[in-house]
Amino acid sequence: MNNKTLLIILVALIAIYGLTQIFAKKKDRSFNTELISVDTAAVTSITIVPKNGDPEITLKKENQEWIASNGTLNVKATTSSVANFLESVSRVKTKRVAAKDPAKWAEYEVEEGKATQIKLFAGNKLLEDFIVGRFTYNQPSGGFQQQQQPNFNNMSFTSYVRLADENEVYAVDGTLSMTLGNQNFDNFRDKEVVSLSSGVEITELSVTPGGDTPGYSISKNANQWVLNGSEPLDSAKVANYLNNLTSVQAYEFADDFDDAQANNFLEKTMMIRGNNLLEPLSIKC
């Protein structure tokens, strides 16, 4: 065997070794960093199966609006709540494979039926189906005990996610377990009770307490606010009170309220009138 042949064999062996190392490295990082890759604009419905046993939540796009359903109620969902949800989905980036054995699912809380499961659809086509488990955090500067207050800017959060048809559990940057894993039906509902645009100037507010209690009105006479059309009021206090009425948000919904029993309670009515308000705003309590 001459030197030329030996040189060719040596080069071939070096090439084989180099390719082996390259493929070995690729194998070590074979997990998909783009774990959930979906065009959120194409999503027309979302199914959320909560981990706490609450009814399944369905969000469906109809005529450019989103409708939320929990099997009993069908209500209009806010576009912003759905958009924020889908934005959180689009930000899912995997850091590493945390486990490959189904025996580890319980440790990361990604067992089917015991974790939040999310399905994204475009029409009848299933785009993504994944399960969101627990999250952990790391405080690199020594933890809470060495600080008077925790420095959340330096904290590192990791959530754990599993694709429904795979065994692998993936570690994901951020608080995905909180933003996606702790959703409930009311999170998507419109909680707006009163929202007056900046161009609306309230000029009159009247209250009917109900029963035998007399009502009253607050109105603006020239530049002076008056009670029941005559008694002068502190304009600064009235302005502060009315500012609180321009934007009122609900915290909970009384879905179990029985309309048939409404007559057993006194009904208080507040009527708001103002410039650039097309019709009076009536609020009943």
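Owing to the predicted nature of the structure, the values given are computational and were not obtained by experimental measurement.

## Some points on a nonpolar patch on the surface
Step number 1: Taken together, the side chains of F135, Y137 and M178 present a nonpolar region at the surface, about 290 Å² in accessible area.
Step number 2: Counting through the fold element by element, Y137 comes out in strand 7 (residues 125-138).
Step number 3: Take Y137: its relative accessible area is 46%, and that puts it in the partly exposed class.

## Section: the pattern of salt bridges
Step number 1: One pass over the full model with this rule turns up 7 salt bridges.
Step number 2: Measuring nitrogen to oxygen at the nearest pair gives 3.2 Å for the salt bridge that ties E87 to R91.
Step number 3: Note on E87: relative accessible area 41%, which makes it partly exposed.
Step number 4: By relative accessible area, R91 is classed as partly exposed at 47%.
Step number 5: Across the pair K95 and D173 runs a salt bridge, and its minimum N-O distance is 3.4 Å.

## Overview of the packing of aromatic side chains
Step number 1: A full pass over the atoms with the stated rule returns 4 aromatic pairs.
Step number 2: Ring geometry for F85 against F188: centres 5.8 Å apart, planes inclined by 70°, an arrangement best described as edge-to-face. With F85 in helix 2 (residues 79-90) and F188 in the loop between helix 4 (176-179) and strand 10 (192-195), this residue pair connects regions lying 103 residues apart in the sequence.
Step number 3: A ring pair is formed by F135 and F157, whose centres lie 6.1 Å apart and whose planes are at 40°; its orientation type is tilted. Here F135 is found in strand 7, whereas its partner F157 is found in strand 8 (residues 156-163), with 22 residues between them in sequence.
Step number 4: On the basis of relative accessible area, F135 is assigned to the partly exposed category, the value being 31%.
Step number 5: Its relative accessible area of 21% is what places F157 among the partly exposed residues.
Step number 6: Each member of the aromatic cluster is reached from another via a ring pair, and the members are F135, Y137 and F157.
Step number 7: For R162, the ring lying beneath its charged end belongs to W105, and the centroid distance is 3.6 Å.
Step number 8: Above the plane of the ring of F253 lies R189, whose end atom (NZ or CZ) is 3.8 Å from the centre.

## Description of the sheet that holds strand 1 (residues 45-49)
Working definition: the strands of a sheet are paired by backbone hydrogen bonds and lie parallel or antiparallel to each other.
Step number 1: The 9 strands are arranged 4-3-2-1-6-7-8-9-5 in an open sheet whose pairing can be described as antiparallel. Every interior strand has two partners, whereas the edge strands, strand 4 (74-77) and strand 5 (94-99), have only one. Across the sheet, the mean angle separating the axes of adjacent strands is 25° when strand polarity is ignored.
Step number 2: For strand 7 and strand 8, the ladder comprises 7 bridges, and the chain directions are antiparallel. Across the sheet, F130 pairs through a bridge with L163, a residue of strand 8.
Step number 3: In this fold helix 2 packs onto strand 1, strand 2 (57-62), strand 3 (65-69), strand 4, strand 6 (116-122) and strand 7, with an angle of close to 75° to the strand it touches most, strand 1.

## Section: the nonpolar core
Inside soluble globular proteins, nonpolar side chains tend to come together where they are buried.
Step number 1: Formed by 29 residues in total, the largest nonpolar core has its most connected members in I46, L59, F130 and F188.
Step number 2: Take this core: its biggest share by element is 4 residues, from helix 2.
Step number 3: Once residues lying within four places of it in the same chain are set aside, the contact partners of F188 are I48, I57, L59, A68, K76, A77, T78, S81, V82, F85 and Q183.
Step number 4: I202, L245, I272 and I283 belong to the second largest nonpolar core, which has 14 residues in total.

## Some thoughts on the environment of K100
Step number 1: Tracing the backbone through its elements, the reader meets K100 in the loop between strand 5 and helix 3 (105-108).
Step number 2: For K100, a relative accessible area of 58% gives the class exposed.
Step number 3: Considering only alpha carbons, one finds K100 and E168, 68 residues apart in sequence, at a separation of 4.3 Å.
Step number 4: Not counting residues within four places of it along the chain, the set of residues in contact with K100 comprises N167 and E168.

## Concerning the sheet that holds strand 17 (residues 281-284)
Step number 1: Spatial ordering of the open sheet is given by 14-13-12-11-16-17, a layout of 6 strands whose pairing is antiparallel. On the outer flanks of this sheet lie strand 14 (231-232) and strand 17, each paired with one strand and no other.
Step number 2: Against the sheet, helix 5 (residues 235-243) touches strand 11 (201-208), strand 12 (216-221), strand 13 (224-227) and strand 16 (269-275), its axis set at about 80° to strand 13.

## What to know about the environment of L245
Step number 1: With respect to the secondary-structure elements, L245 resides in the loop between helix 5 and strand 15 (247-249).
Step number 2: For L245, a relative accessible area of 12% translates into the label buried.
Step number 3: As for L245 and V193, which are separated by 52 residues in sequence, their C-alpha atoms are 9.7 Å apart.
Step number 4: Not counting the four nearest positions on each side in its chain, L245 is found in contact with V194, L196, L205, M270 and I272.

Procedures and definitions
- Residues numbered from 1 in each chain as written.
- Predicted model: local features only at pLDDT ≥ 70, side-chain atom pairs only at ≥ 80, totals over all residues.
- Heavy atoms only, no water.
- Patch = residues over 30% accessible without salt bridge, like charges linked within 9 Å, V, L, I, M, F, W, Y side chains within 5 Å.
- Areas by Shrake-Rupley, 256 points an atom, 1.4 Å probe, with all protein chains shown as cover.
- Salt bridge = Lys/Arg side-chain N within 4 Å of Asp/Glu carboxyl O.
- Helix = DSSP H or I, 4+ residues; strand = E, 2+ residues; numbered from the N terminus.
- Buried < 20%, exposed > 50% of the residue type's maximum accessible area, 1.4 Å probe, protein only.
- Phe/Tyr/Trp six-rings, centres within 6.5 Å; stacked < 30°, edge-to-face > 60°.
- Lys NZ or Arg CZ within 6 Å of the ring centre and 35° of its normal.
- Pairing = 2+ DSSP bridges.
- Axes fitted to C-alpha atoms, helices over the stretch in contact; angles between N-to-C directions.
- Contact = heavy atoms within 4.5 Å.
- Core = buried A, V, L, I, M, F, W, Y, C linked by side-chain atoms within 4.5 Å.

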